[in-house]
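Residues per chain are reported as follows:
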Amino acid sequence: MSGMTSSARPFLNRRLAEFGTTIFAEMSALAVSTGSINLGQGFPDTDGPEEIREAAVRALREGRGNQYPPGPGVPELRAAVADHQVRRYGLAWDPDTEVLVTAGATEAIAATLLALLEPGDEVVALEPYYDSYAACIAMAGGRRVAVTLRPHEGAFRLDLDELRAAVTEHTRLLLINTPHNPTGTVLTREELTAVAELAVERDLLVVTDEVYEHLVYDGAHHPLAALPGMRERTVSISSSGKTFSFTGWKVGWVTAAAPLVTAVRSAKQFLTYVSAGPFQYAVAEALRLPDSYFDGLRADLRRKRDLLGDGLRAAGFQVHQPQGTYFITTDISPFGEKDAYAFCRALPERCGVVAVPNSVFYDDPHAGRTQVRFAFCKKDELLQEAADRLRVLAA
Ligand code: PMP
Ligand code: GLN
């Protein structure tokens, strides 16, 4: 024994040491401590449909889901997920063997990566990437390989040659996210077809995070699993948080071929086993809402995108128009600013608004240095107020 006490070495293991506290927690805490408008962490300031909230209350009162629900999720929700996939995308999944309910998409991502990766496996992920991807790849002992989405003709686009070049003999899977957080890019059918062809050619698994599937304003959402050769090799992940504006309920799901779902379930059962019993019944009802609900959500958010986008432009930001999600990525170079993180830390003091620096979503320290993300899933008055406050930057 060296005689070293446990406190003489850091508590957090080496795999997680680089991650610390998430940027969302940090920036939400900053919003609270400074009393600022929080356009950082992505959560709506208006709850989802009243009838769905009531469905959760009913389930609680009637004792549905108050004790451990079945490990794969309640049958009503698995059936509703399967029906939704058929109705929207013509994708047929067996609710008993090909659908798995998770504690939000976050657990779905963790369980999938823990289940599918061997230590040393490479994961090719789009950069900027959602923070939990990097942490979960690390927890699984994998290695992330970033392919950077770059601004091109007003939107962040995927360079298919770069994607192809990133695949090596060690690549186990491609981790795709469309609509993409934080850039708002919606991958086109052509781009996704190229991803699918690459996956088939190199015999790769694909994990696709589609939590913003219903938040598309320009173009359309195409699920990767529906493309030729993809059904057997794709794990699709989605969640009720964004689609139904109940981010606190943490009900997500995985759809994939039975052997993949079986693998993911093996990891999931030791993470949470199950979660959110009564909410699962409510989300089952939500997924059966008529098209008018989904159309209304999209129209509402499109208007908010334009409202905040106009405000940001008026304040002097360079705005990258998002085609989907509820985030706008801006560039702060027009202000002569060079460090998104420092800019975001100072913003509450300067104008009482909180945003998120995209730089933390990149491996490349230069790539996102001047990018800042604003969430627009907020009441119109609040977006207007934020825009008014940001105008001081233009002065
Ligand atoms: N993936 C992406 C791209 C996200 O933006 C988020 C945040 N909602 C998640 C996954 C996590 O979703 P959930 O809240 O359902 O865990
Ligand atoms: N998905 C949300 C965002 O991108 C945050 C979720 C979280 O705090 N983990 O802002």
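Now for a description of the structure that goes with this document. What you see is a predicted model; the values in this text were computed from it and never measured.

**With respect to the site of ligand 1**
Piece 1. For ligand 1, the set of nearby residues contains 14 residues, the closest of which are T106, D209, Y212, S239 and K242.
Piece 2. The separation between an oxygen atom of ligand 1 and a polar side-chain atom of Y212 is 2.6 Å.
Piece 3. Protein contact buries 94% of the 390 Å² of open area that ligand 1 shows by itself.
Piece 4. Counting residues per element, the shell around ligand 1 draws most heavily on helix α4 (residues 104–116), at four residues.
Piece 5. Split by residue class, the shell around ligand 1 holds six nonpolar, five polar and three charged.

**Structural notes on the nonpolar core**
Piece 1. Membership of the largest hydrophobic core comes to 99 residues, with the highest contact counts inside it found for L77, L173, L175, F317, L347, F374 and L390.
Piece 2. Those residues in contact with L390 that lie beyond four places of it in its chain are L312, A315, F317, L347, C351, V353 and F374.
Piece 3. Formed by 24 residues, the second largest nonpolar core is a distinct cluster that contains L163, V167, L192 and L227.

**Observations concerning the site of ligand 2**
Piece 1. Around ligand 2, a shell composed of F24, Q41, G42, Y130, N181, Y212, K242, F327 and R373 is seen.
Piece 2. One nitrogen or oxygen atom from the side chain of N181 is found 2.8 Å from an oxygen atom belonging to ligand 2.
Piece 3. Within the side chain of R373, a nitrogen or oxygen atom sits 2.6 Å from an oxygen atom of ligand 2.
Piece 4. Protein contacts shield 79% of the accessible area of ligand 2, which totals 300 Å² for the unbound molecule.

**Thoughts on the sheet that holds strand β8 (residues 205–209)**
Piece 1. If you trace the seven strands from one edge of the open sheet to the other, you get β2-β10-β9-β8-β7-β3-β4, paired in mixed fashion. Of all strands in the sheet, those with a lone pairing partner are β2 (99–103) and β4 (143–148), marking the two edges. In this sheet, adjacent strand axes meet at a mean angle of 25° when their direction is disregarded.
Piece 2. Bridge count between strand β7 (residues 171–177) and β8: five bridges; the pairing is parallel. Bridge pairing links L174 to V206 in β8.
Piece 3. Lying on the sheet, α4 is in contact with β2, β7, β8, β9 (234–239) and β10 (251–255); it crosses β9 at an angle near 160°.

**Looking at the pattern of salt bridges**
Piece 1. Following the criterion strictly, the structure yields 27 salt bridges and no others.
Piece 2. Here E122 and R143 are joined by a salt bridge, their closest N and O atoms 2.9 Å apart. Of this pair, E122 sits in strand β3 (residues 122–127) while R143 sits in strand β4, placing them 21 residues apart in sequence.
Piece 3. The salt bridge partner of R150 is E162, with a shortest N-O separation of 3.4 Å. On the criterion of sequence distance, the pair formed by R150 in strand β5 (residues 150–152) and E162 in helix α6 (residues 160–166) is long-range, its members being twelve residues apart.
Piece 4. Where salt bridges share partners, they join D300, R303, K304 and D380 into one cluster.

**Quick word on the environment of A125**
Piece 1. Examined against the element boundaries, A125 turns out to sit in strand β3.
Piece 2. A residue is classified by how much of its surface remains accessible, and A125, at 3% relative accessible area, is buried.
Piece 3. For the pair formed by A125 and G352, sequence separation is 227 residues and the distance between their alpha carbons is 34 Å.
Piece 4. With sequence-adjacent residues up to four places away left out, A125 is seen in contact with V145, A146, V147 and L175.

**So, the packing of α4 against helix α9 (residues 258–268)**
Piece 1. Between α4 and α9, the least distance of the axes is 8 Å, while the angle of their chain directions is 105°. One way to sum up the angle between α4 and α9 is to call them roughly perpendicular. Residue-level inspection shows E107, A111, T112, L114, A115 and L116 of α4 in contact with α9, the latter providing L260, A263, V264, A267 and K268.
Piece 2. Here the residues of the contact of α4 with α9 are counted per class, giving eight nonpolar, one polar and two charged.

**Focus: the layout of surface pockets**
Piece 1. Taken as a whole, the largest pocket spans an internal volume of roughly 930 Å³.
Piece 2. What lines the largest pocket is a set of 42 residues, and nearest its centre among them are T22, F24, Y130, D131 and S132.
Piece 3. For the lining of the largest pocket, the elements supplying multiple residues, two or more each, are α1 (23–34), α4, α5 (131–139) and α8 (240–244).
Piece 4. Broken down by element, the residue count for the lining of the largest pocket peaks at five residues, all from α5.
Piece 5. Tallied by class, the residues present in the lining of the largest pocket amount to 20 nonpolar, 13 polar and nine charged.
Piece 6. Quantified by volume, the second largest pocket comes out at close to 230 Å³.
Piece 7. Looking at the second largest pocket, it is lined by 16 residues, and the ones nearest its centre are P44, T46, S245, L297 and D300.
Piece 8. A total of four residues in the lining of the second largest pocket trace back to one element, the largest contributor, which is helix α11 (residues 291–315).
Piece 9. The class makeup of the residues in the lining of the second largest pocket is six nonpolar, three polar and seven charged.

**Some points on the pairing of β10**
Piece 1. β10 sits mainly inside the fold: five of its five residues count as buried.
Piece 2. The alternating pattern of β10 places V251, W253 and T255 and G252 and V254 on opposite faces, both of which are buried.
Piece 3. As paired strands, β2 and β10 are joined by five bridges and run antiparallel to one another. Each residue of the ladder has a partner; that of V101, found in β10, is W253.
Piece 4. Relative to β10, β9 runs antiparallel, the two being bridged by four bridges. Among the inter-strand pairings, S238 is bridged to a residue of β10, identified as W253.

Reading guide: rules and limits
- Residues numbered from 1 in each chain as written.
- Chains lettered and ligands numbered in written order.
- Predicted model: local features only at pLDDT ≥ 70, side-chain atom pairs only at ≥ 80, totals over all residues.
- Heavy atoms only, no water.
- Near = heavy atom within 4 Å.
- Polar contact = N/O pair within 3.5 Å; in protein donor to acceptor, adjacent residues only side chain to side chain.
- Areas by Shrake-Rupley, 256 points an atom, 1.4 Å probe, with all protein chains shown as cover.
- Helix = DSSP H or I, 4+ residues; strand = E, 2+ residues; numbered from the N terminus.
- Nonpolar A, V, L, I, M, F, W, Y, C, P; charged D, E, K, R; others polar.
- Core = buried A, V, L, I, M, F, W, Y, C linked by side-chain atoms within 4.5 Å.
- Buried < 20%, exposed > 50% of the residue type's maximum accessible area, 1.4 Å probe, protein only.
- Contact = heavy atoms within 4.5 Å.
- Pairing = 2+ DSSP bridges.
- Axes fitted to C-alpha atoms, helices over the stretch in contact; angles between N-to-C directions.
- Salt bridge = Lys/Arg side-chain N within 4 Å of Asp/Glu carboxyl O.
- Parallel < 35°, antiparallel > 145°, perpendicular 65-115°, else oblique.
- 1 Å grid on protein atoms, 1.4 Å probe; cavity = no way out; pocket = protein on both sides within 12 Å on 5 of 7 lines; lining within 4 Å.
- Points joined across faces, edges and corners; volume = space filled by probe spheres on them.

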